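Spelled out, the chains give:
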Amino acid sequence: SSDVVQPLTDIVYRKTFGNVLFVLQFLQSLFDGGLLRFSSDIKIWEWDSTAIESRHLSNDVVELMSQKILSFPKEAQYSLELVACLGSVCEGLIHCLAGVKDLSMVNKKSIKSSNAYTENSALLKWIIFFVEEGLLTREGSKYKFAHDQIQVSAYSLIPEDEKKLWHLQIGNEISAQRKTTNIENALFIAASQLNRSQNIITEKGERIKVALLNLEAGEKAMSSSVFHLAASFFESGRNLLDEKCWDDNYSLSLKLYSYSSEVYYCIGNYNSMELVLGELFVHAKCFEDKFKAYHTQIQALGAQDHLYDSIKCGLFVLEKLGEPCDLFPSPQVIRSEYIKTKDMLGSKTEEEILGRRLIEDSQIEFAMRVASTILSCCNRVRSSVGSILALRLVQLSLRHGVCSYSAIGFASYGYFLSGVVGDYEGASSYGKLSLRLVETFQAKELTAKVSALVYAGIKPWINILRTSLKPLIDAHEIGMRYGDIQHACDCAMQYCSHAYQCGEELEKVETEMKNYCGMMQEYKQVSSRKFIQVLRQVTLNLMGQSEDSMVLTGDAMDQEVILNDAIEREHWTIALMIYHHGSFLCYFFGNSELASQLAERAQIIMDKTLCSATFLVCNHAFLQGLISFELSRKTGEAKWKSIAKESIEKMEKWAKYVPSSCQHKLALLKAEYAFFLGQDTNAAKYFEMATEGSGKNGFIQDQALSYERAGIFYLARGDVSKASECYGQAHNKYLQWGAKGKADHIRINFPF
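Being a predicted model, the structure only gives us computed values, none of them experimental.

1. Details of the overall build of the protein chain
A count of helical and extended segments in the protein chain gives 38 helices and 5 strands. Projected onto its principal axes, the C-alpha coordinates of the protein chain cover approximately 105 × 75 × 40 Å. Taken over 752 residues, the protein chain has a buried fraction of 57%. Sequence separation of at least 24 residues holds for 68% of the intrachain contacts in the protein chain that already meet a minimum separation of 6. Per element, the accessible surface of the protein chain, about 32,100 Å² overall, is 50% carbon and sulfur. Of the side-chain charges in the protein chain, 79 are positive and 89 negative, and the distance between the mean point of each set is 3 Å.

2. Considerations on the pattern of salt bridges
Inspection of the entire model under this criterion finds 32 salt bridges. As a salt-bridge pair, Glu46 and Arg37 come within 4.0 Å of each other at their nearest N and O atoms. Residue Arg37 is classed as partly exposed on the basis of its relative accessible area, which comes to 36%. Between Arg178 and Glu216 there is a salt bridge, with the nearest N and O atoms lying 3.0 Å from each other. You can see Arg178 sitting in the loop between helix 9 (160-177) and helix 10 (186-195) and its partner Glu216 sitting in helix 11 (residues 204-223), a full 38 residues away along the chain. For Arg178, a relative accessible area of 16% puts it in the buried group. Judged by its relative accessible area of 32%, Glu216 falls in the partly exposed class. Taken together, the salt bridges that share partners define one network made up of Asp305, Lys530, Asp565 and Arg569.

3. Structural notes on the packing of helix 20 (residues 362-381) against helix 22 (residues 406-421)
Interaxial distance between helix 20 and helix 22 falls to 9 Å at its minimum, and their mutual angle equals 35 degrees. The way helix 20 lies across helix 22 gives a crossing that is left-handed. Contact residues: helix 20 offers Met368, Ser372, Leu375 and Asn379, while helix 22 offers Ser406, Ile408, Ser412 and Tyr415. Partitioned by chemical class, the residues of the contact of helix 20 with helix 22 number 4 nonpolar, 4 polar and no charged.

4. Digging into the packing of aromatic side chains
Under the counting rule described, the total for this entry stands at 34 aromatic pairs. On the basis of an interplanar angle of 80 degrees and a centroid distance of 5.3 Å, the ring pair of Phe72 and Phe130 is categorised as edge-to-face. Pair noted here: Phe72 is in the loop between helix 4 (59-70) and helix 5 (74-84) and Phe130 is in helix 7 (residues 120-133), with a separation of 58 residues, a long-range link. Note on accessibility: Phe72 and Phe130 belong to one class, buried. The interplanar angle of 80 degrees and the centroid separation of 5.6 Å between the aromatic rings of Phe588 and Tyr734 together place this pair among those described as edge-to-face. Placement of Phe588 in helix 30 (residues 572-588) and of Tyr734 in helix 37 (residues 720-737) is noted, with a sequence separation of 146 residues between them.

5. Notes on unusual backbone geometry
Located in the positive-phi region is Gln442, a residue other than glycine, with phi close to 50 degrees. Counting through the fold element by element, Gln442 comes out in the loop between helix 23 (424-440) and helix 24 (447-457). We note that Glu570 has phi near 60 degrees; this positive angle belongs to a residue other than glycine. Counting through the fold element by element, Glu570 comes out in the loop between helix 29 (559-569) and helix 30.

6. Overview of the sheet that holds strand 4 (residues 136-139)
Within the open sheet, the 3 strands sit side by side as 3-5-4. Their pairing is antiparallel. On the outer flanks of this sheet lie strand 3 (88-90) and strand 4, each paired with one strand and no other. Neighbour-to-neighbour, the strand axes of the sheet open up by a mean angle of 20 degrees, direction not taken into account. Summarising the sheet, strand 3 and strand 5 (residues 142-145) pair through 3 bridges and their orientation is antiparallel. The residue bridging Val89 from the neighbouring strand is Tyr143, located in strand 5. Against the sheet, helix 5 touches strand 3, strand 4 and strand 5, its axis set at about 95 degrees to strand 5.

7. Section: the nonpolar core
Among the nonpolar cores identified, the biggest contains 246 residues, and Leu542 and Tyr734 are the most heavily contacted of them. The dominant element in this core, judged by the number of residues it contributes, is helix 30, at 12 residues. Those residues in contact with Leu542 that lie beyond four places of it in its chain are Tyr500, Leu506, Phe584, Leu585, Phe588, Phe589, Trp737, Gly738, Ala739, Lys740, Gly741 and Lys742.

8. Overview of a nonpolar patch on the surface
A contiguous nonpolar patch, built from Phe31, Phe38 and Trp45 and spanning about 340 Å² of accessible area, is present on the exposed surface. Inspection of the secondary structure puts Phe31 in helix 2 (residues 20-32).

9. Let's talk about helix 14 (residues 250-267)
Over its 18 residues, helix 14 runs 26 Å from end to end, which matches the ideal 26 Å to within 8%, given 1.5 Å per residue. Within helix 14, 16 of the 18 residues are buried, which leaves the element mostly enclosed by the surrounding structure. Where helix 14 terminates, the next one or two residues include Gly268, which has phi positive at roughly 80 degrees.

10. Let's talk about the environment of Glu337
Looking at the element boundaries, Glu337 is found in helix 18 (residues 331-345). Given the relative accessible area of 16%, Glu337 is considered buried. Separated by 73 residues in sequence, Glu337 and Tyr264 have C-alpha atoms that sit 37 Å apart. Ignoring anything within four residues of it in the chain, the contact list for Glu337 reads Ile388, Leu391 and Gln395.

11. Digging into helix 31 (residues 592-608)
Its 17 residues give helix 31 an end-to-end C-alpha distance of 24 Å, which sits within 8% of 24 Å, the value for a rise of 1.5 Å per residue. Listed in full, the buried residues belonging to helix 31 are Ser592, Ala595, Ser596, Leu598, Ala599, Ala602, Gln603, Ile605 and Met606. Looking at the packing, one finds that the buried side of helix 31 touches helix 30, helix 32 (616-635) and helix 33 (638-657).

12. Let's talk about the pairing of strand 5
Bridge analysis of strand 4 against strand 5 gives 4 bridges, and the strand direction is antiparallel. Bridge pairing links Arg138 to Tyr143 in strand 5. Hairpin connection, strand 4 to strand 5: the antiparallel pair is bridged by 2 residues, and Gly140 has positive phi, about 70 degrees.

13. Comments concerning the side chain of Asp702
Inspection of the secondary structure assignment puts Asp702 in helix 36 (residues 700-716). When sequence neighbours within four positions are dropped, the list of residues in contact with Asp702 reads Phe622, His664, Lys665 and Ser694.

14. Considerations on the packing of helix 20 against helix 21 (residues 385-400)
Taken N-terminus to C-terminus, the directions of helix 20 and helix 21 make an angle of 155 degrees; their axes are 9 Å apart at the nearest point. In terms of their interaxial angle, helix 20 and helix 21 are classed as roughly antiparallel. Taken as a pair, helix 20 and helix 21 cross one another with a handedness that is left-handed. Together, Ile364, Met368, Ala371, Ser372, Ile374, Leu375 and Cys378 of helix 20 and Val385, Gly386, Leu389, Ala390, Leu393, Leu396, Ser397 and His400 of helix 21 make up the contact between the two elements.

15. Some thoughts on the state of the cysteines
Considering all chains together, one arrives at 0 disulfides under this definition. Just so you know, Cys377 is unpaired, no disulfide at all, and the nearest cysteine sulfur is the one on Cys378, 6.9 Å from it.

16. Section: the confidence of the model for the protein chain
Low pLDDT means the predicted atomic positions in that stretch should not be read closely. Looking at the protein chain as a whole, the pLDDT averages 90, with 94% of positions reaching at least 70. Within the model, pLDDT remains below 50 along residues 104-119, and this stretch shows 31 contacts once partners closer than five positions in the same chain are excluded.

17. Considerations on the environment of Val263
With respect to the helices, strands and loops of the structure, Val263 is situated in helix 14. Note on Val263: relative accessible area 0%, which makes it buried. Separated by 33 residues in the primary sequence, Val263 and Thr296 place their C-alpha atoms 9.1 Å from one another. Those residues in contact with Val263 that sit more than four places away from it in its chain are Met222, Phe227, Ala230, Ala231 and Phe234.

Rules behind the numbers
- Residue numbers run consecutively from 1 along every chain, following the written order of its sequence.
- Only residues with pLDDT of 70 or above have their local features reported here, since the model is predicted, and side-chain atom pairs are shown and tallied only from 80 upward, although totals for entire chains, interfaces and linings are computed over all residues.
- The side-chain numbers reported here are obtained from all heavy atoms of the structure, hydrogens and water having been left aside.
- Put simply, DSSP marks the helices as runs of H or I at least four residues long and the strands as runs of E at least two long, and each gets a number from the N terminus on.
- When a residue's accessible area, from a 1.4 Å probe over protein chains only, is under 20% of the maximum for its type it is buried; when over 50% it is exposed; and in between it is partly exposed.
- For this analysis, residues touch if any pair of their heavy atoms sits within 4.5 Å.
- Every accessible area reported is derived by Shrake-Rupley at a probe size of 1.4 Å, with residue values counting cover from the shown protein chains alone.
- In summary, the charge assignment counts Lys and Arg as positive and Asp and Glu as negative, without counting His or the chain termini.
- Where a charge lies is defined by one atom per residue type: Lys uses NZ, Arg uses CZ, Asp uses CG and Glu uses CD.
- What counts as a salt bridge is simple: a side-chain nitrogen of Lys or Arg found within 4 Å of a carboxyl oxygen of Asp or Glu.
- Interaxial angles span 0 to 180 degrees and are taken between N-to-C directions of axes, which are lines fitted to C-alpha atoms, for helices over the stretch in contact.
- Left-handed describes a crossing whose near helix is turned anticlockwise from the far helix by less than a right angle; the clockwise case is right-handed.
- Think of it as three bins: nonpolar holds Ala, Val, Leu, Ile, Met, Phe, Trp, Tyr, Cys and Pro, charged holds Asp, Glu, Lys and Arg, and polar takes everything else, Gly as well.
- Aromatic rings from Phe, Tyr and Trp, taking only the six-membered ring of Trp, are treated as a pair when their centres fall within 6.5 Å; an angle between ring planes under 30 degrees marks them as stacked, one over 60 as edge-to-face, and anything in between as tilted.
- A pair of strands is considered paired only if DSSP assigns at least 2 bridges between the two.
- As used in this record, nonpolar core signifies buried Ala, Val, Leu, Ile, Met, Phe, Trp, Tyr and Cys residues forming a set joined through side-chain atoms within 4.5 Å.
- Here, patches come from residues exposed beyond 30% relative accessible area and free of salt bridges, joined within 9 Å for like charges and within 5 Å for nonpolar side chains (Val, Leu, Ile, Met, Phe, Trp, Tyr).
- The span expected for a helix works out to 1.5 Å for each residue beyond the first.
- Reported orientations rely on four angle classes, namely roughly parallel under 35 degrees, roughly antiparallel over 145, roughly perpendicular from 65 to 115, and oblique for the rest.
- Whenever a pair of cysteine sulfur atoms sits within 2.5 Å, that pair is classed as a disulfide.
- The predictor reports its confidence for every residue as pLDDT, a score running from 0 up to 100.

Structure (C-alpha cells):
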C-alpha cells in the first residue's frame, strides 16, 4: 500500500531530487547492494530504511548533475559554485560575497566571470534563478541546496588547485565584514572557510591572525555548548602554530591548548586531551598557567572512574596552593575541623554571609574550585577527606571572602551536617544558602554541582523525595549546557535513584535509565554510568527481565564483574549499592538469609565511612529492620531483634523530619514488631497505617510490600479471607508499579 512504501519514497526523493535517471540508478544500486529485495516467501518488497538513508549516490549521478549546471551561463555557474563553497547563504552573506570578485583571475585557464560582481544584485539574481530551477530552496532569508548531491556537483566544477583559494578569499571577505553586517554565525563561517585554506596561508602573521579567529570561534562555540565544533576550531588554531609558538605567541598558545584540553574532556576524547595536556605542562611558564589544565585533568580522571587518582591530583594542586589536606584524615582531625568551622560560623545569619566581601585572592579562589571538583569523587569512594574539604571550603569563604565556589562550600557543609552530624535543620539552612549563592553570583555553571549535593543529601531529609525530581532534571540540563558534564551526570544519576525510590512506574524509569546510560557512554562518563547500571538492573529484575531475580546480572550489568572491580578499586559506593540492592532483591524474592548477609556487608561500608547523606541510608535501615524481623521469627536469635529495634529507632528520628517519606516505613516496622511479639491488634493497626500512608504519599512499592506483609500476618493468624484480600492487593500494586517479576512471584507462591 502507499502507506507502507511512503517512507522509501521519501528517502529516494531526497536522495535523487526526483530525477528519473537518478531514481533508476539509485534503486538499482540498492537492489545490487541487498538493501532492496523481494521476499519470495511473503511476496512483497522489503528494504532497510536506516541503511538506505546513509547510502550515497554514485559518481555517475554527480556527473549528470554537473552537466546540467554547465548548461547554464558562466555567471550563473560561478554563482552556484560560490554558494557550493558554503553550503547555504543568507541575504547578509550574499552582500559579503558580492565583494568576491577576483577569483576569476586566480587561474587564467578557468575564467568564470571577467568582472564578477560589483554589487550583490547580480549574485542575488542568479540565486533566485536557481530557486526557480529547483536547485536551491529558500527558507526565510536563507538559501540552501535542495539536495546535497547538487552541492557536490557544483563544488566539483571548481578546479582542485583553485578550491583553497576560493575558501581563502570567501573567509577573508566574511571576516572583514562580520562585525559590520548582520550575519548569523559569521564568525563560525569565516573561521571554517579560512581553515579549509590554511595549507596555502604561508605568511606567519596571517597564520596567527587566523589562529586568533579560531580561538574566538572556539570560545563562542563552547559558550553555546557546541563542544565538537569548538574542538575543531581549537584544533585548527593549534595547527596554524609553528614549533616556536610557545616562545613567540605564548598567550595564544596557552589559551588554545587549555581550551582544547577542556573541550576534549567535554566530548570524552581523553587520548587527545592527554596529548594536549602533556604539551601544555611542558611549556607553561608557571604553576598558575597550569591551573585550568590541572582542573581539566582532575575532572577527566574522575569521569573515567580513576577516582583516587583524581583525588590525589586535586590534593597535589591544593598543596601547591598552600591548602594541604591528608588523604586519610582521622576522625579526631575531622571533629576538630568541624568544631573550628562551627565556631567561625557562630551565629552568622544567611544575610550576613551573603553580604560578606568578595574574595580577592585568585589562588584561594582556584583552590576552592579544585576542592569543590574532587568532592564528588570523595563521595563515590566514601573517602573521609571529603569532609575535610567541605569544612575547608566554608573556612576559606569566611576567612577570605565569598565567591561563586562558596556555594559548593556551604552545600557540602550541609551535606556533612546531614550525613555525619545528623543536623537536618542546619543542613537545610545551608542548602538554601548555597542555592542563593548560585543565584547571587549568577553561577549557572555551578548549578549541577550544588544541586547534586543539595537534592541528594539535604532536601530528602526535609521534603518528600519526589520534590527533588524536577530540580535534578533541570540541573542536569543546565550542567550539560555549561560543560559541567561530570556533575550533570551526577544529577541524572540521583534523579534515576530518586525516581526509583519514589515508586515511579518502572518501565518509564528503566527507559530513562537506559537513555542516560547511553548519554554517559557517549560522553565517556564511566563512573556515573556504573551507578545507573546497578539501578537499571534492579529495575529489570523487578520487571521479570532477568534469569535470576536475586542476582544483579542481565541486560544492564554483570554483578560479579562490577562488584569485583569496585572492591579492587575501593569504589565503596558502587559496592554499597550492589550489596544493598542485592539484599533488597533477596528479601523481596524470599531469601532472607542471603539478604541479611548482603545487608551486613552494606552496613560495614556505611559504618567505616563517616558521611552517608543520601536517602539510601534510610531505605537500608528500613530493609535491615524487615529482614531482621523475618529472621527473628524464624530463628529466635536475639541479635535480629536488636538490629530490628535499632532500625525502628532510626526511623522514628527521620519520621519527625520527613514524615511523608518515613512515617509509613515506621508503621510497617512497628507492624512487624507487633507481629513478632504476638500483639495482633497493634499489628493489624500498624499494617493498615502502613498501607494507607504509603498509598497517600505515592510510594506504591512500599504499599505493595505492606499489603504482602499484612497477608503473611493474617495467614499466620488463620484469617484466610483477609490474607487473600491483602495478597490480591499486593499483586495488583506490584503490577501497577511495573514489577511483573515480583507480581509473578506472589502468584506462583500464593499460599492457597
